[in-house]
Amino acid sequence: MAVLSAGFRRDLEIRRYPSIVYGLIPLVALVLQAWLPRVLGRFAWFDLPLVVTVYFALGRRSPIQGTLMGASMGLFEDALSHHAIGVNGIAKTVAGFLAASVGVRIDVDNFTVRLLFIFFLSILASVLYAFVSRFLLGMELEFRWFTELFKAIGNSAIAILTFPLLDRLQIRD
Amino acid sequence: MESFFVRYRNLVVLLAILLAQIIGLAVQVRRMGDGRSTLDPGDGPGVRLIRLWASALVSPAERAIHGSRLGVSELWQNYFDLRHVREQNLELQKSLDRLRLEQAALIEDARQGQRLQRLNGFQEKYIYKTVAAQAFGSSGSDQSRVFYVDKGKSDGLDRDMAVVTPDGIVGKVRDVFPHSAQVLAINDPTSGAGVILETTRIRGILRGNAAGQPEIVGVLADNRIQPGEKVLTAGGDQIFPRGLPVGTVEKIIPDPLRDGFILIIVKPASQLDRLDEVLVVTSTESRFSPQDQQDIAESEALKGPEAAAIKDEQIRDQQIRDQQKASQIMAEHLPGLIDPNLPADQQPLHDSSNPNPVTNPPKAIHPDRFTPGADGGATGADSVSTKEQSPKPALPAKGKPKQPNAPSDVPRRNP
């Protein structure tokens, strides 16, 4: 019964977007994430690819799509850096999967829930990044947890601004 | 079995993707002898391909945004904001004249240095050829301090080329694509450059810390190192030519990992966060570039005689200073009996505490004309000192006939 109701709710509340949005919005997020730190310097406390991953995962409510979106965004971010490709990929894969899985079960249209959720996922992605780098790969990585906290707050603030704008792009029946 | 995959397909997909990425990571990372892991410096073909795709996807849009921002700012600066340009032009002309004069004066020293280097079998490398490039993008992560420039393989760029600005060094080329390149900044923790402190000549390795500040590691604690000292490239890393500015010492902290060592935090000379135009050093030679040679020839033609005159004057001044310094040293080391700054009753000559006082010569039992003080015949300094020591001379010269060859005829020295 629970499965049925969850499936019914998921089918009812699945958001659909024009195909171009699925390609363009992640690309814009990647470009801005690469360009804005050059303008803002060390105050670039945000992770736009993560915000976009979480948004689409919550909207689509499909763990597989969330996983694939998170993996591709993370891999592209890694490819633009000089680090090993896959560290961000793993962190965002898990974040996308969790966002979509939780989105099936709770009401994520609530504004406060969205904010808390993206804050939590940002911290989780940072923890996973540090875990993979330090313990899985055994690499030296100096992590500043205050920066990660500010980044989580920054992601929440960006979500407040961008989620309503992105909601306007969905296809309505 | 089918139902298992259908039922748990979400988890299966998640695990499959995670496993694929973990295997990919294992391929890229290499275990070192001391147990630490490091990234393979040369990316494998697969990894390189992914980086190329990512760069090809993101770079055009970044270039477009960066180009439009530059276009707007240039439009403003070149067409609207032209106030004070004439004054600035005059100031620049003055600076150019001054620099030409300095260059003409220094070139002879440089030539002498080159001759000595040749004698010693050492040849310094000069920046021979550079390519100007625009910095337009970054990695987007504060864990990876790299940026992208709009010149690549087609412009002659290659791995491990130095990237500098007129202010100082910036980084080195890490990866080269056909029309862009990735530059590893000096404030990244994985970067490394050999540096030397200008005054104390202490050498170390420059790298970045977690806060994005360049720091010098591997330096033993030394209280001669002070904030404000300039840091230059040492030239031993085969990437950066020797003597380029790196920055200044900002603060010195103990190395938490190694006793007796310190970390020197450096304030970079270049603004690493706000780079727009950089120069990639594509070639270094043991001779000046044609452009440099042309500048030098022009400076010598324009300011050579003037510089030579200034140099002669400087040499003369230096010689005078050296002579004055020598006389001062002599005066400090020789005992002084008369201090012109002291009153007569406090002169060192009358100081009874002097362990070696000046004693009067004993009185002659049978004075003759050679006796000091007799007939005013005391010579030079003796006469003077005798008169100053005691109001009564040893032998008054009254009534004595003046002799033509008496020592009193000898001109007295001025004390």
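Bear in mind the structure is a predicted one, so any value in this text is a computation, not a measurement. (Residues numbered from 1 in each chain as written. Chains lettered and ligands numbered in written order. Predicted model: local features only at pLDDT ≥ 70, side-chain atom pairs only at ≥ 80, totals over all residues.)

Draft legend 1. Highlighting the packing of helix 3 (residues 48–60) of chain A against helix 6 (residues 111–136) of chain A. Residue and element names in this part refer to chain A. At their nearest, the axes of helix 3 and helix 6 sit 11 Å apart, and the two run at 125° to each other. Viewed along their axes, helix 3 and helix 6 adopt a mutual orientation that is oblique. Regarding helix 3 and helix 6, the two cross each other, and that crossing is right-handed. Judged by residue contacts, Leu50, Val51 and Val54 of helix 3 engage Ile118, Leu121, Ser122 and Ala125 from helix 6. Of the residues assigned to the contact of helix 3 with helix 6, the class counts are six nonpolar, one polar and no charged. (Axes fitted to C-alpha atoms, helices over the stretch in contact; angles between N-to-C directions. Helix = DSSP H or I, 4+ residues; strand = E, 2+ residues; numbered from the N terminus. Parallel < 35°, antiparallel > 145°, perpendicular 65-115°, else oblique. Left-handed = near helix turned anticlockwise from the far one by under 90°. Contact = placed C-beta atoms within 7 Å. Nonpolar A, V, L, I, M, F, W, Y, C, P; charged D, E, K, R; others polar.)

Draft legend 2. Structural context of the confidence of the model for chain A. A residue-level look at chain A finds 92% of positions with pLDDT of 70 or above and a mean pLDDT of 86. Averaged pLDDT values for the elements of chain A fall to 52 in helix 1 (residues 2–13) of chain A and rise to 94 in helix 4 (residues 63–80) of chain A. (pLDDT = per-residue confidence, 0-100.)

Draft legend 3. Spotlight on unusual backbone geometry. All names here are of chain B. Unusually for a residue other than glycine, aspartate 160 sits at a positive phi of about 65°. At arginine 201, a position not held by glycine, the phi torsion is positive, near 60°. In this fold, arginine 201 is placed in the loop between strand 8 (193–197) and strand 9 (203–208).

Draft legend 4. Inspection of the environment of B:Val47 at higher detail. With respect to the secondary-structure elements, B:Val47 resides in helix 3 (residues 45–80). Ignoring sequence-local partners within four residues, the contact set of B:Val47 consists of A:Ile85 and B:Gln28.

Draft legend 5. Examining the environment of B:Ala104 more closely. Residue and element names in this part refer to chain B. Its location among the elements puts alanine 104 in helix 4 (residues 85–119). Alanine 104 gets classed as buried once you count the C-beta atoms within 10 Å, which come to 23. As for alanine 104 and lysine 303, which are separated by 199 residues in sequence, their C-alpha atoms are 6.4 Å apart. Each residue touching alanine 104, except ones within four places of it in the same chain, is listed here: Ser299, Glu300, Lys303, Gly304 and Ala307. (Buried ≥ 20, exposed ≤ 12 C-beta atoms within 10 Å, placed from the backbone.)

Draft legend 6. The sheet that holds strand 9 of chain B, seen in detail. Residues and elements named next belong to chain B. An order of 8-9-10-13-12-11 is seen for the six strands of this closed barrel, with the pairing classed as antiparallel. Going across the sheet, the axis of each strand differs from the next one's by a mean of 40°, ignoring polarity. As defined by bridge partners, strand 8 adjoins strand 9 across four bridges and the pair is classed as antiparallel. Residue pairing for strand 9: isoleucine 196 is matched across the bridge by arginine 203. (Pairing = 2+ DSSP bridges.)

Draft legend 7. Inspection of the pairing of strand 11 (residues 230–233) of chain B at higher detail. All names here are of chain B. Only one face of strand 11 is buried: it carries Val231 and Thr233, and the other face, with Lys230 and Leu232, is open. Sheet analysis places strand 11 next to strand 12 (residues 245–254), joined by three bridges and oriented antiparallel. The residue of strand 12 that forms the bridge with leucine 232 is proline 245.

Draft legend 8. Inspection of the sheet that holds strand 14 (residues 277–285) of chain B at higher detail. Residues and elements named next belong to chain B. On the basis of which strands lie adjacent, the closed barrel formed by six strands has the order 3-4-7-6-5-14 and antiparallel pairing. Neighbour to neighbour, the strand axes of the sheet diverge by 45° on average, direction disregarded. With four bridges connecting them, strand 4 (residues 146–149) and strand 7 (residues 181–185) associate as antiparallel partners. Across the sheet, valine 146 pairs through a bridge with leucine 184, a residue of strand 7. Packed onto the sheet, helix 3 meets strand 3 (126–138), strand 4 and strand 6 (169–176) and runs at close to 85° relative to strand 3.

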